[in-house]
Amino acid sequence: MNSLKKPIVVFVLGGPGSGKGTQCSKIVQEFGLVHLSAGDLLRTEMASGSQYGDMIATMIKNGEIVPSIVTVNLLKNAIMVDPSKNYLVDGFPRNEENNNSWVENMTSIVDTRFVLYFDCPDEVMTERLLGRGASSGRTDDNIESIKKRFTTFHNQTKPVVEHYGKQSRVHSINSNRPVDQVYDDVRKLFQTLA
Ligand code: UP5
Ligand code: MG
């Protein structure tokens, strides 16, 4: 019975500008999962006049990780809108605290399958973000914020990827290639999930 099926969740991780959002859009088109970017949910929450708005704004500009109490609630609410669907959770979990909170609060209601990890050199990601910064309007697409985002990524997010790697639950894809070439590998992975 479908009502007993828990929504499948795939975590999509990778450095800032590694192409998480770009590839998720393509997965959505072909495989019909729902894309939840944790960063986008936080930016929407910030713009909504939430009590957490000022904190989120400061943390995003400084490349810091917003406490899980905020992020996990946003993700949980978004998934509970339609638990019959399956979800790409993009840009989360970013540190051990995020992951512990997810395991504690979500394990009973979702089926967390694996991590799709986009591997790309920092220099390439920096160029992409500076290029996007000309038009993105994002407060963190400037060189000062980008450097802080990389530090957070290497010190806090990579250990989470390694944690899932030890459980053989990471599919790593080289995203330092044209978008469609990256997607060819992504497609093969999701075909096995179907
Ligand atoms: N581009 C993409 N793929 C390309 C390719 N193969 N070749 C050439 N160009 C490519 O792509 C970035 C740019 O690169 C675009 O211009 C694209 O056209 C081009 P995109 O797909 O947007 O990359 P993505 O990995 O999604 O980059 P993003 O900047 O969104 O990554 P971040 O992880 O930095 O941003 P996010 O929005 O996830 O988080 C922002 C902040 O929110 C965090 O720093 C943190 O402060 C906060 N946050 C939390 O606190 N907790 C969370 O759980 C999530 C976020
Ligand atoms: Mg993104």
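Small disclaimer: the values here were computed from a predicted structure and weren't measured. (Residues numbered from 1 in each chain as written. Chains lettered and ligands numbered in written order. Predicted model: local features only at pLDDT ≥ 70, side-chain atom pairs only at ≥ 80, totals over all residues. Heavy atoms only, no water.)

Peer 1: Would you mind going over the layout of surface pockets in detail, with residue names and values included?
Peer 2: Approximately 890 Å³ is the volume attributed to the largest pocket. Along the walls of the largest pocket sit 43 residues, with Pro16, Gly17, Lys20, Arg138 and Arg149 positioned nearest its centre. The set of elements that each furnish at least two residues to the lining of the largest pocket consists of strand S1 (8–14), helix H1 (20–31), strand S2 (34–37), helix H2 (38–47), helix H3 (53–61), helix H6 (122–136), helix H7 (143–166) and helix H8 (179–193). Looking at the lining of the largest pocket, the element that brings in the most residues is H2, giving 5 residues. Looking at side-chain class alone, the lining of the largest pocket contains 13 nonpolar, 18 polar and 12 charged residues. (1 Å grid on protein atoms, 1.4 Å probe; cavity = no way out; pocket = protein on both sides within 12 Å on 5 of 7 lines; lining within 4 Å. Points joined across faces, edges and corners; volume = space filled by probe spheres on them. Helix = DSSP H or I, 4+ residues; strand = E, 2+ residues; numbered from the N terminus. Nonpolar A, V, L, I, M, F, W, Y, C, P; charged D, E, K, R; others polar.)

Peer 1: An account of the sheet that holds strand S5 (residues 170–174) is requested, with residue identities and associated values reported.
Peer 2: Taking strand neighbours across the sheet as the criterion, the 5 strands line up as S2-S3-S1-S4-S5 in an open arrangement whose pairing is parallel. Of all strands in the sheet, those with a lone pairing partner are S2 and S5, marking the two edges. Neighbouring strand axes in the sheet, compared pairwise and without regard to direction, differ in orientation by 25 degrees on average. Each of S2 and strand S3 (87–90) touches H2; the most contacted strand, S2, lies at about 65 degrees to it. Against the sheet, H8 makes contact with S1, S3, strand S4 (111–119) and S5, and its axis sits at roughly 165 degrees relative to S4, the strand it touches most. (Pairing = 2+ DSSP bridges. Axes fitted to C-alpha atoms, helices over the stretch in contact; angles between N-to-C directions. Contact = heavy atoms within 4.5 Å.)

Peer 1: Could you give me a rundown of the site of ligand 1, with the residues and numbers involved?
Peer 2: Near ligand 1 lie 31 residues; those nearest to it are Thr22, Glu64, Val66, Arg132 and Arg149. Take Gly91: an N or O atom from its main chain is 3.4 Å from an oxygen atom of ligand 1. Within the complex, the protein chains bury 85% of what would otherwise be the 1000 Å² of accessible surface of ligand 1. The site holding ligand 1 turns out to be the largest pocket. Looking at the shell around ligand 1, the elements with two or more residues in it are H1, H2, H3 and H6. The leading source of residues in the shell around ligand 1 is H2, at 4 residues. Of the residues that constitute the shell around ligand 1, the class distribution is 11 nonpolar, 10 polar and 10 charged. (Near = heavy atom within 4 Å. Polar contact = N/O pair within 3.5 Å; in protein donor to acceptor, adjacent residues only side chain to side chain. Areas by Shrake-Rupley, 256 points an atom, 1.4 Å probe, with all protein chains shown as cover. Sits in = over half its atoms within 2 Å of the grid points.)

Peer 1: Provide a residue-level description of the pairing of S4, including the pertinent values.
Peer 2: Where S1 and S4 come together, 7 bridges link them in parallel fashion. Counterpart to Val12 in the pairing with S4 is Leu116. The pairing of S4 with S5 spans 5 bridges and is parallel. The residue bridging Tyr117 from the neighbouring strand is Ser172, located in S5.

Peer 1: Any details on the pattern of salt bridges? Residues and values, ideally.
Peer 2: Under the defined criterion, the tally for this structure stands at 12 salt bridges. Salt-bridge contacts for Asp185 lead to Arg177; the nearest nitrogen and oxygen are separated by 2.9 Å. Here Asp185 makes a salt bridge to Lys188, at a shortest N to O gap of 3.6 Å. Here Lys188 and Asp185 lie together in helix H8, a separation of 3 residues that amounts to about one turn. A relative accessible area of 29% means that Asp185 is categorised as partly exposed. (Salt bridge = Lys/Arg side-chain N within 4 Å of Asp/Glu carboxyl O. Buried < 20%, exposed > 50% of the residue type's maximum accessible area, 1.4 Å probe, protein only.)

Peer 1: Describe unusual backbone geometry, with residues and values.
Peer 2: Geometrically, the link from Phe92 to Pro93 is a cis peptide bond, its omega value of 0 degrees lying close to zero. Structurally, the position occupied by Pro93 is in the loop between S3 and helix H5 (96–106). Of note, Ser168 is a non-glycine position whose phi angle comes to about 55 degrees, a positive value. The topology assignment puts Ser168 in the loop between H7 and S5. Ser168 gets classed as exposed once you look at its relative accessible area, which sits at 67%.

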